[in-house]
Amino acid sequence: MPKKLFSARYLIVVLIMAGVNASAQNKKVSGFLLQNEQQLSVFKKQYQAGDTTISNQIKSLLADADKELAAGPYSVTFRKTRVAPSGNPHDYVSQAPYWWADPSKPDGKPYIRKDGERNPEIYLLHDDSQLNDLCRAVKKLGFAYYFTGDEQYAQKAAGLMRTWFIDTATKMAPNFNYAQYIPGINDGRGIGIIESRALAVIPDALAMMQGSKSITANLKTGVKHWFAEYLTWLQNSKNGNEERQARNNHGTFYDVQVVDFALFTENDKLAKEVLQNRTIARIDTQFTAEGRQPLELERTRSWSYSNMNLTGWSMLATLADRVDIDLWHTEKQGRGIKKCIEWIMPYLLKQKDWPFKQIEPISYGETLTICSLAEEKYPGIDFKKVFKMYPRPRPWGDEHH
């Protein structure tokens, strides 16, 4: 339902009867899931008023979006270097990144694991890059349309989505049966589902382009149908069941996808069930009362994985707001998102040196995105100090997928 159809009287009745705040209700109805529509509206007004800082950032965004106009389309059927064992070129295929040929074996098989070290062989397959290029492009084009109303951006995004999700000759089969296969060990595994988290940008991009004539009812129906089929596969497949049971960040991002795609396809009941019955239960396994994430700290890229997992939790908390579940303040025996953010703050503020293994340089982009998402939720945490030290991330930047 368009936002303009809400009368003041209707909103008051909704607030009294449902006990929700107006901004959350509007965001849910307008189709925004991970993006904050009210915040974007402020940025848009600042841009239209000629605010120098915002205008410069949007100018950079539009330059990126203009490049996307000439790029693509993208499909798992393009640049195919390995067809899945199914023989279907529409099936997504990728190779496990941390597995390498065994030098003691003539053919290198079975491969052996080197945690955190990417095998360059993975880049010989292109389904993953095609997926990420699609999501990056649709996101940029969605923002460009939102700020300018220029139809060329939405028209391009519509074409890209049609190629990936709808057109029979090029669309991806809605499964990840063959993601992150390990040579000599398997043809695919549940862990590969982490790669489809990039798709979470699509529902919000559609919301940002909802005023466009290019975003037709048939297009939205087709895209939602694909997501509904993929959601069914996530819930019922062998790989989906494996990933659902994952204890670390893989389990977190499995929940992110199920909840996001459920809300996108109007299955609020499923989203609530997952959040209440599975996501909250993960707190016991993933967090300590001190705020550490031990399953991520044991990795060779402990800073990267701690922030990645906390990003997933911030996304889940944002999605939970849409169905009136306050995950931001949910705690189990003192464990919760807030404690994890408080624990990581001294390292972000350079008050402490990171003492755990990190085989690549520390990056703060993801940490800053977490702080930006959590800022209004935790007034007791000094986020102002953070944003005096670092630039504040914007939702159209590359910190999000």
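In the block above lies the structure referred to throughout.
Residues numbered from 1 in each chain as written. Predicted model: local features only at pLDDT ≥ 70, side-chain atom pairs only at ≥ 80, totals over all residues. Heavy atoms only, no water.

Asks: Would you mind going over the packing of helix α14 (residues 302-321) against helix α15 (residues 337-348) with me for this structure?
Replies: The N-to-C vectors of α14 and α15 enclose an angle of 140 degrees; their axes lie 11 Å apart at closest approach. By the angle class used here, α14 and α15 are oblique. As α14 packs across α15, the resulting crossing turns out to be left-handed. On the side of α14, the interface is formed by W303, S306, N307, L310, W313 and A317, while α15 contributes I337, C340, I341, I344, Y347 and L348. Residues belonging to the contact of α14 with α15 are distributed by class as follows: ten nonpolar, two polar and no charged. (Axes fitted to C-alpha atoms, helices over the stretch in contact; angles between N-to-C directions. Helix = DSSP H or I, 4+ residues; strand = E, 2+ residues; numbered from the N terminus. Parallel < 35°, antiparallel > 145°, perpendicular 65-115°, else oblique. Left-handed = near helix turned anticlockwise from the far one by under 90°. Contact = heavy atoms within 4.5 Å. Nonpolar A, V, L, I, M, F, W, Y, C, P; charged D, E, K, R; others polar.)

Asks: Please clarify how the environment of W233 should be interpreted in this entry.
Replies: Tracing the sequence through the fold places W233 in helix α8 (residues 217-236). Residue W233 is classed as buried on the basis of its relative accessible area of 11%. Taking the C-alpha atoms as reference points, W233 and N177, separated by 56 residues in sequence, lie 9.3 Å from one another. Sequence-distant contacts of W233, that is, excluding residues within four places in its chain, are made with P174, N175, F176, N177, I193, N239 and G240. (Buried < 20%, exposed > 50% of the residue type's maximum accessible area, 1.4 Å probe, protein only.)

Asks: Before we go on, may I ask you to explain the side chain of N175 in this structure?
Replies: The topology assignment puts N175 in the loop between α6 (151-166) and β4 (178-181). Only 2.9 Å separates the side chain of N175 from the side chain of D91, close enough to count as a polar contact. A distance of 3.0 Å separates a polar atom in the side chain of N175 from the backbone nitrogen of N177. Excluding residues within four positions of it along the chain, N175 makes contact with D91, Y92, Y230 and W233. (Polar contact = N/O pair within 3.5 Å; in protein donor to acceptor, adjacent residues only side chain to side chain.)

Asks: How should I be thinking about unusual backbone geometry in this particular structure?
Replies: Excluding glycine, a negative phi dihedral is what most residues carry, and trans is how most peptide bonds are arranged. Following G72, the chain continues to P73 via a peptide bond in cis, the omega torsion being 0 degrees. Within the fold, P73 resides in the loop between α4 (52-69) and β1 (93-95). In this model, K109 is joined to P110 through a cis peptide bond whose omega is -5 degrees. Secondary-structure assignment places P110 in the loop between β2 (99-100) and β3 (112-113). Phi at R79 takes a positive value of approximately 55 degrees, unusual for a residue other than glycine. Position of R79 relative to the elements: it lies in the loop between α4 and β1. At D324, a residue that is not glycine, the phi angle is positive and equals roughly 60 degrees. For D324, a relative accessible area of 53% puts it in the exposed group.

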